Amino acid sequence: MQISSEKVLKMSDSVSDATQIYFQVVAGAIAIYNSLEVLAIMLKVFQKYNTLYFWAILATTLGIALFAIGFLDLFFKLYIESSSILRPLIVLTIGWYGMVTGFAIALYSRLAIIRVPNFIQISIRNFIIYNIVFSHFPTTVFTFGANIIGTEFWVHGYSVIEKIQMTMFCVQEIILGVVYLIYIQKKFGGRLKSLVSHTIGANLFVLGLDTSMLIIEYCNLYKYQIMLKVLVYSIKLKLEFYILTLLTEASRDDSIAGDRGSPGSRGGSNGRKSSVNGVVIEEDIRRASLTPKKSLGVIGESVRLMHFFPQSQSQSDRSQRTEQQEGTMMVNPQLDGCTIGRKNGF
């Protein structure tokens, strides 16, 4: 019994289509789950909501969910019975802006705490604005044109601009990652090698994810690239919490060490303010004891936040921490006024 080449091609196409469907559904579901999980932990961990960092992370979180929902709606044509193609296009475009640029702003906003020079911060900020104007806006126009008008000009134009914007956003995040690695090494490299090594590892992993998206884009695997992108950004968002936790813990210990060495640290003045590169850190100096965390505790806490596992504490541990910190606000580094931390066991 011989099977014709046409049947083989049809069978191959059906397997390929099924693989695409499974990949899109699974990747989209994981991305939406990750974004909702991060949203829940954000509202629990953040103590201030009126900050650039908080709103950037919130925009990224909601953007991931909207981007995934919009593209699933578009791919599977779920809009046909109840709406027009405008519905998924508007939803995924809003999600794309929040996911990509929101994440870039989140990375940018934490540069101040590691003392990146102002001129570098301004250059990065201008590059983010440049990408909004020259990457987001043209891609949005060609996205609507290719899907609504559908002529060769719009379809080919979208294919070209999609590769350009992917490259530009990848370069943007590589620059942010490299700058962060250079200045985290300068600030903590001599004292907190575990922080630096973990940060380098996380950033290299993110770089690998960005590179994989770019390779798939240039291989013209569009339907895989789109859902891989949203999955990658949801993973990068969780890694951002991991890196941020390492950074906040290290900066808090750095502030405590600085207080020990300052002449007025033993005087017990209240409402004292210190500054890290113009970022104000408010603290109450009254402490029953100062017990900086060991590096193992920092790593364990970071992994706990990254995976969002609840940390069980015995009643004695809680009471002991309460006795040590009674009447005391823990030193928490601030990113543009954003405070992340726990008070009395939280």
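Residues numbered from 1 in each chain as written. Predicted model: local features only at pLDDT ≥ 70, side-chain atom pairs only at ≥ 80, totals over all residues. Heavy atoms only, no water.

1. Focus on helix H6 (residues 193-218)
At step 1: Spanning 26 residues, H6 covers 37 Å between terminal C-alpha atoms, matching the ideal 38 Å at 1.5 Å per step.
At step 2: Residues of H6 that are buried include every one of Leu-195, Val-196, Thr-199, Ala-202, Asn-203, Val-206, Leu-209, Asp-210, Met-213, Leu-214 and Glu-217, and no others.
At step 3: Immediately beyond the C-terminal end of H6, within one or two residues, lies Asn-220, with a positive phi of roughly 65°. (Helix = DSSP H or I, 4+ residues; strand = E, 2+ residues; numbered from the N terminus. Expected span 1.5 Å × (residues − 1). Buried < 20%, exposed > 50% of the residue type's maximum accessible area, 1.4 Å probe, protein only.)

2. Thoughts on the packing of aromatic side chains
At step 1: Under the defined criterion, the tally for this structure stands at 17 aromatic pairs.
At step 2: Ring geometry for Phe-127 and Tyr-130: centres 6.3 Å apart, planes at 15°, overall stacked. Placement of the pair is Phe-127 and Tyr-130 together in helix H4 (residues 118-149), with a separation of three residues, close to one helical turn.
At step 3: A relative accessible area of 39% means that Tyr-130 is categorised as partly exposed.
At step 4: Both rings, one in Tyr-158 and one in Tyr-222, keep their centres 5.9 Å apart while their planes meet at 85°; by these two values the pair is edge-to-face. Of this pair, Tyr-158 sits in helix H5 (residues 152-188) while Tyr-222 sits in helix H7 (residues 222-261), placing them 64 residues apart in sequence.
At step 5: Of the residues examined, Tyr-222 reaches a relative accessible area of 28% and is grouped as partly exposed.
At step 6: Between Arg-110 and the ring centre of Tyr-180, over which it is positioned, the NZ or CZ distance is 4.1 Å. (Phe/Tyr/Trp six-rings, centres within 6.5 Å; stacked < 30°, edge-to-face > 60°. Lys NZ or Arg CZ within 6 Å of the ring centre and 35° of its normal.)

3. Points about the side chain of Thr-60
At step 1: Residue position: Thr-60 is located in helix H2 (residues 52-75).
At step 2: Relative accessible area serves as the criterion here: at 0%, Thr-60 is assigned to the buried category.
At step 3: Here the side chain of Thr-60 touches Ala-56 through a polar contact of 2.8 Å, landing on its backbone oxygen. (Polar contact = N/O pair within 3.5 Å; in protein donor to acceptor, adjacent residues only side chain to side chain.)

4. A closer look at unusual backbone geometry
At step 1: Although it is not a glycine, Lys-77 adopts a positive phi angle of roughly 55°.
At step 2: For Arg-115, which is not a glycine, the phi torsion comes out positive at approximately 65°.
At step 3: Along the chain, Arg-115 falls in the loop between helix H3 (86-109) and H4.

5. Some points on the confidence of the model for the chain
At step 1: Per-residue pLDDT for the chain averages 74, and the proportion of residues at 70 or more is 66%.
At step 2: A low-confidence stretch, residues 7-12 stays under pLDDT 50, and its non-local contacts, those more than four residues away or across chains, total one contact.
At step 3: Considering only residues more than four positions removed or in separate chains, one finds that residues 263-346, a stretch of pLDDT under 50, has 153 contacts. (pLDDT = per-residue confidence, 0-100. Contact = heavy atoms within 4.5 Å.)

6. Examining the packing of H3 against H5
At step 1: Interhelical geometry of H3 versus H5 gives an angle of 20° and a closest axis separation of 9 Å. It follows that H3 is roughly parallel to H5 by the angle criterion. Helix-helix and strand crossings are classified by hand; for H3 and H5 the assignment is left-handed. Residue-level inspection shows Trp-96, Val-100, Thr-101, Phe-103, Ala-104, Leu-107 and Tyr-108 of H3 in contact with H5, the latter providing Gln-165, Phe-169, Gln-172, Glu-173 and Leu-176.
At step 2: Taken together, the residues that form the contact of H3 with H5 break down as eight nonpolar, three polar and one charged. (Axes fitted to C-alpha atoms, helices over the stretch in contact; angles between N-to-C directions. Parallel < 35°, antiparallel > 145°, perpendicular 65-115°, else oblique. Left-handed = near helix turned anticlockwise from the far one by under 90°. Nonpolar A, V, L, I, M, F, W, Y, C, P; charged D, E, K, R; others polar.)

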